[in-house]
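# Architecture and fold: a report
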Amino acid sequence: MFKFKKKTTTELDYNNIPKHIAIIMDGNGRWAQQRHLPRIAGHKKGMNVVKDITKAASDLGVKALTLYAFSTENWKRPDQEVNYLMDLPEKFFSTFVPDLVKNNVRVNVMGYVDQLPKSTQKAINDAIEDTKECDGMILNFALNYGSQDEIVTAVQKIAQKVSDGSLNVDDINKDVVSDNLMTSSLGEFANPDLLIRTSGEERLSNFLLWQVAYSEFVFDDTKWPDYTKEDLMNCIAKFQGRHRRFGGLKNK
Ligand code: FPP
């Protein structure tokens, strides 16, 4: 039995759209299982939702959209599912790059891309190249990404600079750490203003652990394959109802 979602008209303050939204797109497998379909059917529908939400976010004025598409832990899934997930970027970009260009969206990818199959790497690199002149929203895929590994890699890079004499230990600060994380490629939008996780789960699953220090979290019960622009607007409305204080006091 599926419940129909109540349609709401969300009023948004267009002067307060989160600049960077990061999404943990969860629930593909459960969506498929509820319909007695193989899990990959959920990923296939999920890929089409990525297209809709990319367009919606860009239209709403979001500057950077980071999507958790494959974690460093997802390799533990059955081979058939992993292979399908590895083919998704190729399927996605082969049909969607013209729309991305039309909407002035630039593709960025963060993660251990060199460990992905060569054909996946090629699809990613072609999409980055084809959209490099776009200066609207950045569509940032986290692919073979894990935040703890990202931090370890950053520490190694910083330690290397200290060891070769190009950096003093006393000069290591928060900016140095940020500059060595994978999100540094997003420039001023490195840290998400809003983090959304779909499907009702409420955990971070090794996603952007450093970067979400002051993000607002919204957990939405909708499973990713059912997620719509309306749901995104509802999440943004919740963000707009929060009072971000960054550790200070509201009226100071
Ligand atoms: C989590 O749901 C989802 C994933 C691990 C994959 C997400 C990938 C997509 C939505 C498509 C990405 C598209 C491109 C273009 C790369 P789950 O499988 O863990 O769901 P479950 O918790 O219900 O089992």
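Residues numbered from 1 in each chain as written. Predicted model: local features only at pLDDT ≥ 70, side-chain atom pairs only at ≥ 80, totals over all residues. Heavy atoms only, no water.

In the nomenclature of an unreviewed UniProt entry, the protein corresponds to Isoprenyl transferase from the organism Apilactobacillus kunkeei. Recorded in UniProt under Subunit (unreviewed entry), the annotation for the protein is "Homodimer." Under the Sequence similarities (unreviewed entry) heading, UniProt states for the protein: "Belongs to the UPP synthase family." (UniProt positions renumbered as here; feature names shortened; annotations may be inferred.)

### Some points on the overall build of the protein
Helix and strand counts for the protein stand at 7 helices and 6 strands. Reading the protein from its N terminus to its C terminus gives the helix and strand order β-α-α-β-α-β-α-β-α-α-β-β-α. Referenced to the eigenvectors of the C-alpha coordinate spread, the extents of the protein come out at roughly 65 × 50 × 35 Å. Going through the 252 residues of the protein one by one, you find that 48% of them count as buried. Summed over all atoms, the accessible surface of the protein reaches about 13600 Å², with 50% contributed by carbon and sulfur. Taking the 34 positively charged and 34 negatively charged side chains of the protein as two groups, their mean positions are separated by 6 Å. (Helix = DSSP H or I, 4+ residues; strand = E, 2+ residues; numbered from the N terminus. Buried < 20%, exposed > 50% of the residue type's maximum accessible area, 1.4 Å probe, protein only. Areas by Shrake-Rupley, 256 points an atom, 1.4 Å probe, with all protein chains shown as cover. Lys, Arg positive; Asp, Glu negative; His and termini not counted. Charge placed at Lys NZ, Arg CZ, Asp CG, Glu CD.)

### A closer look at the packing of aromatic side chains
All told, the structure shown has 11 aromatic pairs when counted by the stated rule. When the centroid spacing of 4.9 Å and the interplanar angle of 75° are considered together, the rings of Phe70 and Trp75 count as edge-to-face. What makes Phe70 buried here is its relative accessible area of 1%. Judged by centre distance (5.7 Å) and plane angle (50°), the rings of Tyr214 and Phe246 are tilted. Highlighted residues: Tyr214 in the loop between strand S5 (194-197) and strand S6 (216-219) and Phe246 in the segment after helix H7 (229-240), separated in sequence by 32 residues. For Phe246, a relative accessible area of 49% translates into the label partly exposed. (Phe/Tyr/Trp six-rings, centres within 6.5 Å; stacked < 30°, edge-to-face > 60°.)

### Considerations on the UniProt feature "binding site: Mg(2+)" (unreviewed entry) in the protein
In the numbering used here, UniProt assigns the feature "binding site: Mg(2+)" (unreviewed entry) to Asp26 and Glu216. Cross-referencing the annotated residues with the largest pocket identifies Asp26 as lining it. Mapped onto the elements of the fold, Asp26 is located in the loop between strand S1 (20-24) and helix H1 (28-34). Setting aside its immediate chain neighbours within four residues, Asp26 contacts Arg197, Thr198, Ser199, Glu201, Lys223 and Trp224. Examined against the element boundaries, Glu216 turns out to sit in strand S6. (1 Å grid on protein atoms, 1.4 Å probe; cavity = no way out; pocket = protein on both sides within 12 Å on 5 of 7 lines; lining within 4 Å. Contact = heavy atoms within 4.5 Å.)

### Focus on the site of the ligand
Taken together, 16 residues form the shell around the ligand, and within it Asp26, Gly29, Arg30, Arg39 and Arg77 come nearest. Here an oxygen atom of the ligand sits 2.9 Å away from a polar atom, N or O, in the side chain of Arg39. For the ligand, whose accessible area on its own is 630 Å², the fraction buried by protein is 91%. For the shell around the ligand, the secondary structure elements donating two or more residues are H1, helix H2 (39-60) and helix H3 (79-102). (Near = heavy atom within 4 Å. Polar contact = N/O pair within 3.5 Å; in protein donor to acceptor, adjacent residues only side chain to side chain.)

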